[in-house]
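The chain contents come next:
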Amino acid sequence: MSPVRMLIDCDPGVDDAIALLTAAHVADLVGITTVNGNVGIDHTTRNALAVTELAGLDIPVHRGASRPLVNDPIDASRIHGATGLGSVTIPEPTRGIASDDAVAFILDTARSVDDLRVVAIGPLTNIALALDADPSLPDRLGGLTIMGGAAVGGNVTATAEFNIWADPEAADVVFRLGGPLTMVGLDVTHQVLLGARECRRLRAAGTPTSVLAADLLDYAVERSREMKGWDGAPIHDACAVLAVTHPELFGGARRPVALELTGTHTRGMTVVDERGGEPDDSHVTVLRSVDSRSVVRHIVDAVIAVGSN
Ligand code: RIB
Ligand code: CA
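A. Examining the site of ligand 1 more closely. Near ligand 1 lie 13 residues; those nearest to it are Asp15, Asp16, Asn155, Glu161 and Asp237. Here an oxygen atom of ligand 1 sits 2.6 Å away from a polar atom, N or O, in the side chain of glutamate 161. Out of a free accessible area of 270 Å², ligand 1 has 97% covered by protein chains. At a threshold of 2 Å from the grid points, most atoms of ligand 1 map onto the largest pocket. Taken together, the elements giving at least two residues each to the shell around ligand 1 come down to α1 (14–26), α6 (162–166) and α11 (236–245). Looking at the shell around ligand 1 residue by residue, the classes come out as three nonpolar, five polar and five charged.

Okay, structure coming up:
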């Protein structure tokens with residue numbers, strides 16, 4: 001079976017970087033668009049270029065939105081470090097961006113690539129702008145999958161997950177107008193922790209790519225231990241990639257999901273209505289269960305494989 005044709009919209013970002021490397025092996029990654037999120041757009045774009053170049057991946061990178069639709073620009077540098085790649089240094093990329101118009105690339109690729117799967121693993125600003133520019137976009141996609149939100153809880157506030165919290169207005173547009181959408185939220189990603197064992201496997205593989213991933217993971221595990229007391233780090237974004245290529249490893253159900261935009265304590269919350277079973281008119285599939293061991297293994301195997309090419 002031919003690999004899934006995938007476009008990733010991202011804000012690298014430690015886990016975004018691992019997701020890009022994973023996707024390069026498990027999918028046909030046709031392009032990357034960047035967005036302001038974990039760190040500013042200059043850093044997220046540079047990181048996407050640098051990580052793919054180090055891995056020997058000639059995948060076009062298109063620069064996207066430098067700020068949310070309404071919010072002032074925010075970042076998660078306390079989690080991902082000032083550069084977005086933690087304490088990891090990586091050679092400056094020698095190639096440049098393919099364009100500074102992520103929206104045009106998303107729309108053009110949806111028109112030219114059959115069954116394109118868009119996987120958004122940062123704030124949803126670019127996706128919302130693309131839907132605003134062409135509301136018929138969902139008709140041309142094989143699917144839209146996002147890492148974001150949560151049926152229960154949050155990580156930036158008690159009720160909001162970072163990608164949604166960073167640009168709630170964009171998330172509202174995408175959840176209302178984005179067509180069939182799979183939501184890979186914290187309910188799933190907090191079950192997928194990579195730790196010291198995975199770091200050892202990656203480092204033992206000994207390629208520049210696997211050692212980079214080991215360094216990124218070491219940083220993430222340390223931050224996770226410091227902040228949550230966990231022995232592993234949730235590699236959120238790679239879960240969204242595998243939810244597309246290995247859907248059998250995940251479980252969920254269609255649910256009405258509303259975006260809270262005005263709550264004092266709940267702005268950025270994905271309000272998942274669990275009351276009424278699977279309504280026919282809900283286009284959002286909320287994933288809740290995952291075969292964590294298999295997903296962890298697939299992530300590490302993919303990064304080792306892509307580094308060995
Ligand atoms: O809440 C986790 C999400 O926020 C991930 O996409 C991570 O990269 C950060 O952007
Ligand atoms: Ca991200």
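B. Layout of the packing of aromatic side chains. Summed over all chains, the structure comprises one aromatic pair. Summarising the aromatic geometry, the rings of phenylalanine 162 and tryptophan 165 are spaced 6.2 Å apart at their centres and angled 40 degrees between planes, so their arrangement reads as tilted. Taken together, the positions of phenylalanine 162 and tryptophan 165, both in helix α6 and three residues apart, correspond to about one turn of that helix. For phenylalanine 162, a relative accessible area of 9% puts it in the buried group. Exposure remark for tryptophan 165: the relative accessible area of 26% places this residue in the partly exposed category. Lying over the aromatic face of tryptophan 230, lysine 228 brings its terminal NZ or CZ to 5.0 Å of the ring centre.

C. Fine view of the layout of surface pockets. In this structure, the largest pocket encloses a volume near 580 Å³. As for the largest pocket, its lining consists of 30 residues, of which Ala76, Ile79, His80, Asn155 and His236 are closest to the centre. Within the residue set of the lining of the largest pocket, elements represented by two or more residues are α1, α3 (77–80), α6, α10 (208–228), β8 (232–234) and α11. When residues in the lining of the largest pocket are grouped by element, the largest group, six residues, is from α10. Of the residues contributing to the lining of the largest pocket, the split by class is 14 nonpolar, seven polar and nine charged. Computed from the structure, the second largest pocket encloses a volume of approximately 270 Å³. Surrounding the second largest pocket, 15 residues form its lining, Thr145, Thr182, Ala243, Val244 and Pro247 being those nearest its centre. Taken together, the elements giving at least two residues each to the lining of the second largest pocket come down to β5 (141–147), β6 (181–184), α11, β9 (250–254) and β12 (284–290). Looking at which element gives the most residues to the lining of the second largest pocket, the answer is β5, with three residues.

D. Layout of the coordination of the calcium ion (ligand 2). Note on the calcium ion (ligand 2): its protein donors are Asp11 (OD), Asp16 (OD), Asp16 (OD), Ile121 (O) and Asp237 (OD). The metal-donor distances range over 2.2 to 2.6 Å. Overall, the relative accessible area of 2% leaves aspartate 237 in the buried class.

E. Structural context of helix α9 (residues 196–205). If you check which residues of α9 are buried, you get Glu198, Cys199 and Leu202. The buried residues of α9 occupy an angular sector of 105 degrees when projected down its axis, which confines them to one face. Summarising the geometry of α9, the exposed residues directed more than 90 degrees from the buried face are Arg197, Arg200 and Ala204. Against the buried residues of α9 lie β7 (193–195), α10 and α12 (292–308). Once α9 finishes, glycine 206 follows within two positions and takes phi at roughly 75 degrees, a positive value.

F. Inspection of the packing of α9 against α10 at higher detail. At a minimum axis distance of 7 Å, the contact between α9 and α10 shows a crossing angle of 155 degrees. The angle between α9 and α10 falls in the class roughly antiparallel. As α9 runs across α10, the sense of the crossing is left-handed. Only Ser210, Val211, Ala213, Ala214, Asp215, Leu217 and Asp218 of α10 make contact with α9, whose side of the interface consists of Glu198, Cys199, Leu202, Arg203 and Ala205. A class-by-class count of the residues in the contact of α9 with α10 yields seven nonpolar, one polar and four charged.

G. Structural detail: unusual backbone geometry. At aspartate 115, a residue that is not glycine, the phi angle is positive and equals roughly 55 degrees. Inspection of the secondary structure puts aspartate 115 in the loop between α4 (102–112) and β4 (116–120).

Thresholds, definitions, all that
- Along each chain, residues carry numbers from 1 onward, in the same order as the chain's sequence is written.
- To label them, take the chains in the order written and letter them from A, then take the ligands in the order written and number them from 1.
- Restriction of local features to residues with pLDDT of at least 70 applies here, the model being predicted, together with a cutoff of 80 or more for giving and counting side-chain atom pairs; totals for whole chains, interfaces and linings are based on all residues.
- As a convention, hydrogens and water are excluded, and side-chain values are obtained from all of the structure's heavy atoms.
- Each residue is tested against the molecule or strand, and it is near if at least one of its non-hydrogen atoms lies within 4 Å.
- Here a polar contact is taken to be a pair of N or O atoms separated by no more than 3.5 Å, where protein atoms must pair a possible hydrogen donor with a possible acceptor and residues adjacent in sequence count only if both atoms sit in side chains.
- Areas reported here follow the Shrake-Rupley algorithm with a probe of radius 1.4 Å; residue values treat only the protein chains shown as occluding.
- Grid points spaced at 1 Å over the protein atoms alone were grouped into cavities, where a 1.4 Å probe fits but cannot get out, and pockets, open sets with protein on both sides within 12 Å along at least five of seven lines, with lining residues defined by an atom within 4 Å of a point.
- More than half of a molecule's atoms lying within 2 Å of a cavity's or pocket's grid points is what places that molecule inside it.
- We count a stretch as a helix when DSSP gives it H or I for four or more residues in a row; a strand needs E for two or more, and each element gets its number in order from the N terminus.
- Residue polarity is assigned by list, with Asp, Glu, Lys and Arg as charged and Ala, Val, Leu, Ile, Met, Phe, Trp, Tyr, Cys and Pro as nonpolar; anything else, Gly included, falls into the polar class.
- Between rings of Phe, Tyr and Trp, where Trp is taken as its six-membered ring, a pair exists when centres lie within 6.5 Å; planes separated by under 30 degrees are stacked, by over 60 edge-to-face, and by other angles tilted.
- Summary of the burial criterion: residues with accessible area below 20% of their type's maximum are buried, those above 50% are exposed, and those between are partly exposed, where the area comes from a 1.4 Å probe applied to protein chains only.
- The criterion is that NZ of a Lys, or CZ of an Arg, lies within 6 Å of the ring centre and within 35 degrees of the ring normal, and then a charge sits over that ring.
- Grid points are joined across faces, edges and corners, and a volume is the space filled by probe spheres set on the points.
- Water is not among the atoms examined, so metal sites may look incomplete; donors are the N, O and S atoms within 2.8 Å of the metal, or within 3.2 Å for Na, K and Ca.
- Taking the helix axis as origin, the arc is that swept by the directions to the C-beta atoms.
- Contacts between residues were defined by any pair of non-hydrogen atoms, one from each residue, lying within 4.5 Å.
- Helix axes use the C-alpha atoms of the stretch in contact, all axes being lines fitted to C-alpha atoms, and the angles between their N-to-C directions lie in the range 0 to 180 degrees.
- Oblique is the label for every angle not falling under 35 degrees (roughly parallel), over 145 degrees (roughly antiparallel), or within 65 to 115 degrees (roughly perpendicular).
- In this scheme, a crossing is called left-handed if the near helix is turned counterclockwise away from the far one by less than a right angle; it is called right-handed if the turn is clockwise.

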